[in-house]
Number of protein chains: 2
Amino acid sequence: MKKGAKISNAVIRRLPRYRRYLGELQKKGVDKISSNEFSKLIGYTASQIRQDLNNFGGFGQQGYGYNVKDLHSEISGILGLKNKYRLVLVGAGNLGHAITNYIGNYRSGFAVEGIFEVNPEMIGQTLDGVPILDYDSMVEFIETRKTDIGIICTGKESAQEVADKLCFAGVKGIWNFAPVDLELPGHVAVENVHLSDSLYSLVYHINKMDSNK
Amino acid sequence: MKKGAKISNAVIRRLPRYRRYLGELQKKGVDKISSNEFSKLIGYTASQIRQDLNNFGGFGQQGYGYNVKDLHSEISGILGLKNKYRLVLVGAGNLGHAITNYIGNYRSGFAVEGIFEVNPEMIGQTLDGVPILDYDSMVEFIETRKTDIGIICTGKESAQEVADKLCFAGVKGIWNFAPVDLELPGHVAVENVHLSDSLYSLVYHINKMDSNK
DNA sequence: TAGATTGTTAATCGATTAACAATC
DNA sequence: TAGATTGTTAATCGATTAACAATC
């Protein structure tokens, strides 16, 4: 990997998509693909594909193209998907349930080890085999288990306070589903999933299309 | 609103965020805000805020700033949030449950009217008061109810087939939670929520930060 | 009116696309 | 070797930022 160069976020956001398509190709038994063929499939220009990949190294071979399996593996490595991650989730509501289930069933390498709640009626139960624990015990849990990632599935009112606690306890990243922009120390990564922003953006495009008729 | 000008997607994606902050300000009883004050709050440059807003019209007043309530209302109008939307959801799993619950409880103006499933054991039940119906009856339901938006909460295997059916039945937009890129006719809007892409992007940043230590 | 702040034009920056020499 | 396709530099395009005249 090229050292020092700072990669733009636009590139990073395309990597999982490259990886996804490469996974599908692999499943179909495709061995190699040229940037041109890949372009037709994934919808980015061949030029962009080559530029993107060359941020991280020369994974192709002139006159041949890219080896599908190797490239998939390289991108997995770049993203950090060859490591294991320990997670905790805060907020045992419907969304928390869905995310726990999603990770448990579909994301190998990621394990939700504890779900934290304030509602005493839920504490002690399990969700998809993951224990629901007292929110007050979260910091100690994270410190002991060396949790990597905290997932916030609370309402917006408590999200910042939860984030503060997660950071204090030492998580490296926060996956935030609450509709707020969290203030975090610079060394903690954050990724927001703002569902309503996404829905509103969809609605804008629906209306735009209508008005273009 | 300026006619004809095509607004970039980057601008559209900032609108919900502007609106969210304006809503908070309104709740706090703030009447007016300058682009400079807003900049400090929201983290975009004052210049960008003014540029963005002027894509749609001159909502401010020289020497004064922007009226919080009016601007909130204008942005709601631009996004199309003054209309009502009828939705259906496909896939009554955990994620479908969470999304139904989320829309029912937090998003006024949006109503999930039916949840469609293939699993016969679920058909006939309700989820948050919304009936779970036979997937085979979906097209007729959408045609009758003039459904605006279809939400796909199925696995990736069936997502495209569901999308085709939604389009055939006449929805204007699709909110897609399945990890695939759907092929849709040009007049149907789509918004993807690719959870794993989001998680992978987070993980990249976690590792990047580690390596910068 | 004077001061403040917008709306808008111009300058800059960054990301995408095109071109082509290197090379398998 | 000839053909194909990458890696990489250069050109273009678009988005962000800066500057300032207009105006409340």
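Attention in this report is confined to the structure presented alongside it.

The rules behind the values
- Residues numbered from 1 in each chain as written.
- Chains lettered and ligands numbered in written order.
- Predicted model: local features only at pLDDT ≥ 70, side-chain atom pairs only at ≥ 80, totals over all residues.
- Heavy atoms only, no water.
- Contact = heavy atoms within 4.5 Å.
- Buried area = accessible area lost by both parts, 1.4 Å probe.
- Salt bridge = Lys/Arg side-chain N within 4 Å of Asp/Glu carboxyl O.
- Polar contact = N/O pair within 3.5 Å; in protein donor to acceptor, adjacent residues only side chain to side chain.
- Helix = DSSP H or I, 4+ residues; strand = E, 2+ residues; numbered from the N terminus.
- Near = heavy atom within 4 Å.
- Least-squares fit on C-alpha atoms with pLDDT ≥ 70 in both.
- Buried < 20%, exposed > 50% of the residue type's maximum accessible area, 1.4 Å probe, protein only.
- Core = buried A, V, L, I, M, F, W, Y, C linked by side-chain atoms within 4.5 Å.
- Arc of directions from axis to C-beta.
- Nonpolar A, V, L, I, M, F, W, Y, C, P; charged D, E, K, R; others polar.
- Pairing = 2+ DSSP bridges.

1. Observations regarding the interface of chain B and chain A
For step 1, the next point in the chain: Contact with chain B, which involves 60 residues of that partner, is made by 60 residues of chain A.
For step 2, the next point in the chain: Carbon and sulfur atoms make up 63% of the surface buried where chain B meets chain A, a total of about 5,300 Å² over both sides.
For step 3, the next point in the chain: Taken together, chain B and chain A are joined by eight salt bridges.
For step 4, the next point in the chain: Summed over the shared surface of chain B and chain A, the result is 29 residue pairs in polar contact (both at pLDDT 80 or more).
For step 5, the next point in the chain: Within the residue set of the side of chain B that touches chain A, elements represented by two or more residues are α1 (9-27), α4 (68-79), α5 (94-106), β9 (173-176), β10 (189-192) and α8 (195-211) of chain B.
For step 6, the next point in the chain: Here the side of chain B that touches chain A takes 15 residues from α8 of chain B, the largest share from any one element.

2. Let's talk about the protein's contact with DNA strand D
For step 1, the next point in the chain: By nearness alone, 26 residues border DNA strand D, and S35 and Q51 of chain A together with S47, Q51 and Q61 of chain B come closest of all.
For step 2, the next point in the chain: Near the protein, within 4 Å, the atoms of DNA strand D are sugar or phosphate in 57% of cases.
For step 3, the next point in the chain: One nitrogen or oxygen atom from the side chain of R50 of chain A is found 2.8 Å from a base oxygen belonging to DNA strand D.
For step 4, the next point in the chain: In the model, a sugar or linking oxygen of DNA strand D is placed 3.1 Å from a nitrogen or oxygen of the Q48 of chain B side chain.
For step 5, the next point in the chain: Where the surface near DNA strand D is concerned, the elements lending two or more residues are α3 (46-54), β2 (60-61) and β3 (65-67) of chain A together with α1 and α3 (46-54) of chain B.

3. Considering the relation of the copies chain B and chain A
For step 1, the next point in the chain: Take chain B, turn it by 180 degrees, move it 0.0 Å along the axis, and it overlays chain A with an RMSD of 0.0 Å. The superposition of one copy onto the other is thereby described by a two-fold rotation axis.
For step 2, the next point in the chain: When the interface residues of chain B are mapped onto chain A, 100% of them are again interface residues, pointing to one common binding face.

4. Some details on the environment of Y44 of chain A
All names here are of chain A.
For step 1, the next point in the chain: Here Y44 is to be found in the loop between α2 (35-42) and α3.
For step 2, the next point in the chain: By relative accessible area, Y44 is classed as buried at 16%.
For step 3, the next point in the chain: In the structure, Y44 is positioned 30 residues away from R14 in sequence and 9.5 Å away in space, judged by C-alpha atoms.
For step 4, the next point in the chain: In this structure Y44 touches R14, R17, Y18, S39 and I49, once residues within four positions along its chain are discounted.
For step 5, the next point in the chain: In this structure the side chain of Y44 is engaged in a polar contact, spanning 3.3 Å, whose partner is the side chain of R17.

5. Describing the nonpolar core
For step 1, the next point in the chain: Residues F110, I151 and W175 of chain A together with I99, F110, I151 and W175 of chain B are the most contacted members of the largest nonpolar core, which totals 99 residues.
For step 2, the next point in the chain: Setting aside residues up to four positions removed in sequence, I151 of chain A forms contacts with L87, V88, L89, V90, I99, I103, V112, W175 and F177 of chain A.

6. Let's talk about the pattern of salt bridges
For step 1, the next point in the chain: Taken as a whole and judged by the stated rule, the model has 18 salt bridges over all chains.
For step 2, the next point in the chain: In this structure, R20 of chain B engages D197 of chain A in a salt bridge whose closest nitrogen and oxygen atoms are separated by 3.5 Å. Taken as a pair, R20 of chain B in helix α1 and D197 of chain A in helix α8 (residues 195-211) lie in two separate chains rather than in one.
For step 3, the next point in the chain: The buried category is assigned to R20 of chain B, whose relative accessible area is 15%.
For step 4, the next point in the chain: It is possible to trace a salt-bridge network through shared partners that takes in R17 and R20 of chain A together with D181 and D197 of chain B.

7. With respect to the environment of P16 of chain B
For step 1, the next point in the chain: Counting through the fold element by element, P16 of chain B comes out in helix α1.
For step 2, the next point in the chain: Residues P16 of chain B and L79 of chain B lie 63 residues apart in sequence; the distance between their C-alpha atoms is 7.9 Å.
For step 3, the next point in the chain: Excluding residues that lie within four positions of it along the chain, P16 of chain B makes contacts with D197 and Y200 of chain A together with L79 of chain B.

8. Section: α3 of chain A
For an α-helix the count is 3.6 residues per turn, leaving residues at separations of three or four pointing the same way.
Residues and elements named next belong to chain A.
For step 1, the next point in the chain: Residues of α3 that are buried: A46, I49, D52 and L53. Around the axis of α3, the buried residues are gathered within 130 degrees of arc, so they sit on the same side.
For step 2, the next point in the chain: Here the buried face of α3 lies against α1 (9-27), α2, β3 and α4 (68-79).

9. Overview of the protein's contact with DNA strand C
For step 1, the next point in the chain: Lining the immediate surroundings of DNA strand C are 26 residues, of which S47, Q51 and Q61 of chain A together with S35 and R50 of chain B lie closest.
For step 2, the next point in the chain: What you see for DNA strand C is that sugar and phosphate hold 56% of its atoms within 4 Å of the protein.
For step 3, the next point in the chain: Measuring from a base nitrogen of DNA strand C, one finds a side-chain N or O atom of R50 of chain A at 3.1 Å.
For step 4, the next point in the chain: Between a base oxygen of DNA strand C and a side-chain N or O atom of Q51 of chain A, the distance comes to 2.6 Å.
For step 5, the next point in the chain: Breaking the surface near DNA strand C down by element, the ones donating at least two residues are α1 and α3 of chain A together with α3, β2 (60-61) and β3 (65-67) of chain B.
For step 6, the next point in the chain: Partitioned by chemical class, the residues of the surface near DNA strand C number four nonpolar, 18 polar and four charged.

10. Details of the sheet that holds strand β9 (residues 173-176) of chain A
Residues and elements named next belong to chain A.
For step 1, the next point in the chain: One open sheet accounts for seven strands, arranged β6-β7-β5-β4-β8-β9-β10; its pairing is mixed. Single-partner strands in this sheet number two, and they are β6 (126-127) and β10 (189-192).
For step 2, the next point in the chain: Bridge analysis of β6 against strand β7 (residues 130-134) gives two bridges, and the strand direction is antiparallel. Considered in β7, the bridge of T126 is made with P131.

Keep in mind these values describe shape, not function.
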